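Residue-level structural notes
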Amino acid sequence: TALWIQCLYLFKTLLPLTLSADYSYKQIPLVMTLADPRAFAALLLLALAVLVVFIAFSRKQHSALAAPILAYAILFSPTANILFPIGTIMGERLAYAPSLAVALFLAILLTRTRHWKPFLLAVALLFAVRTVLRNRDWLNPDRFYTALLQTSPNAAKSHYSFGVLLSSHGDDPSAIDEYNRAIAIFPAYAEAYRNRGNALARLGRRDEAMASYRLCLRFAPDDY
């Protein structure tokens, strides 16, 4: 799964069509067997990287290509979930530094062509437009969490966070629906049970609220 996520990182670096602030459980299904096509893609990516580095070191005219690949591996090593697990399976913020290595690799390839300047200008303009559009998602909580729900609809945290937003606006019935969706994805989501209990209590549904609180304490005994 960690190797497949490297494919996603590279794809989003090159074509940032859909960006999200959260990729938590279960937005990215796990790669469980080698029969999964994503496992083949991940191993192919690793093989290509090793092959390019080998060719770069064996042929002096291509030696510059090895540096960005090695830099990418080094920069991503603390957060790639390959050497050791970290607290998140994927986060675009984790790709900021490694993306410099990707840019360097592509720059080396581009400078070996005749028409690299128009291509570079086009990339700069397209990425500038994408940046402006993405920045609009961060203007306020309403836009942010609505966008999050659209880009990571399978993540329990997306529905939980949207439920918190709805509760802050006084829409407890809709918030309960979102907490239920979060719990359906992650049945041990203690915070979702707690906030669902709060919303039910505000609606006067105290028996249901107590049941939700008990489930919260079942998964997080210290949450009181």
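Model, not experiment: these values are computed from the prediction.

In this section: the packing of helix 2 (residues 37-58) against helix 3 (residues 66-76). Helix-helix packing is characterised by the crossing angle of the two axes and by the distance between the axes. For the pair helix 2 and helix 3, interaxial distance at closest approach is 9 Å and the crossing angle is 140°. With respect to helix 3, the axis of helix 2 lies oblique. In terms of crossing hand, the pair formed by helix 2 and helix 3 is left-handed. Contacts between helix 2 and helix 3 pair Ala 49, Val 52, Val 53, Ala 56 and Phe 57 from the former with Ala 66, Ile 69 and Leu 70 from the latter.

We now examine the packing of helix 7 (residues 156-168) against helix 8 (residues 172-185). Here helix 7 crosses helix 8 at 165°, and the two axes come no closer than 8 Å. Between helix 7 and helix 8, the crossing angle belongs to the class labelled roughly antiparallel. Crossing of helix 7 over helix 8 shows left-handed handedness. Facing Ala 156, His 159, Tyr 160, Phe 162, Gly 163, Val 164, Leu 166 and Ser 167 of helix 7, the residues of helix 8 in contact are Asp 172, Ser 174, Ala 175, Glu 178, Tyr 179, Arg 181, Ala 182 and Ile 185. Residue classes in the contact of helix 7 with helix 8 are distributed as 9 nonpolar, 4 polar and 3 charged.

For helix 6 (residues 141-151), the complete set of buried residues consists of Phe 144, Ala 147, Leu 148 and Leu 149. For helix 6, the elements touching its buried residues are helix 7 and helix 8. A side-chain oxygen of the first residue of helix 6 lies 3.2 Å from the backbone nitrogen of Asp 142; this N-cap is Asn 140.

Counted by the stated rule, this structure contains 5 salt bridges. Between Glu 208 and Arg 205 there is a salt bridge, with its nearest N and O atoms 2.9 Å apart.

What follows is about unusual backbone geometry. Following Tyr 25, the chain continues to Lys 26 via a peptide bond in cis, the omega torsion being 0°. Here Lys 26 shows up in the loop between helix 1 (2-14) and helix 2. Backbone geometry at Asn 81 places phi at a positive 60°, although glycine is not the residue there. Considering the arrangement of structural elements, one finds Asn 81 in the loop between helix 3 and helix 4 (96-110). For Asn 81, a relative accessible area of 22% gives the class partly exposed.

What counts, and where the lines are drawn
Residues numbered from 1 in each chain as written. Predicted model: local features only at pLDDT ≥ 70, side-chain atom pairs only at ≥ 80, totals over all residues. Heavy atoms only, no water. Axes fitted to C-alpha atoms, helices over the stretch in contact; angles between N-to-C directions. Helix = DSSP H or I, 4+ residues; strand = E, 2+ residues; numbered from the N terminus. Parallel < 35°, antiparallel > 145°, perpendicular 65-115°, else oblique. Left-handed = near helix turned anticlockwise from the far one by under 90°. Contact = heavy atoms within 4.5 Å. Nonpolar A, V, L, I, M, F, W, Y, C, P; charged D, E, K, R; others polar. Buried < 20%, exposed > 50% of the residue type's maximum accessible area, 1.4 Å probe, protein only. Polar contact = N/O pair within 3.5 Å; in protein donor to acceptor, adjacent residues only side chain to side chain. Salt bridge = Lys/Arg side-chain N within 4 Å of Asp/Glu carboxyl O.

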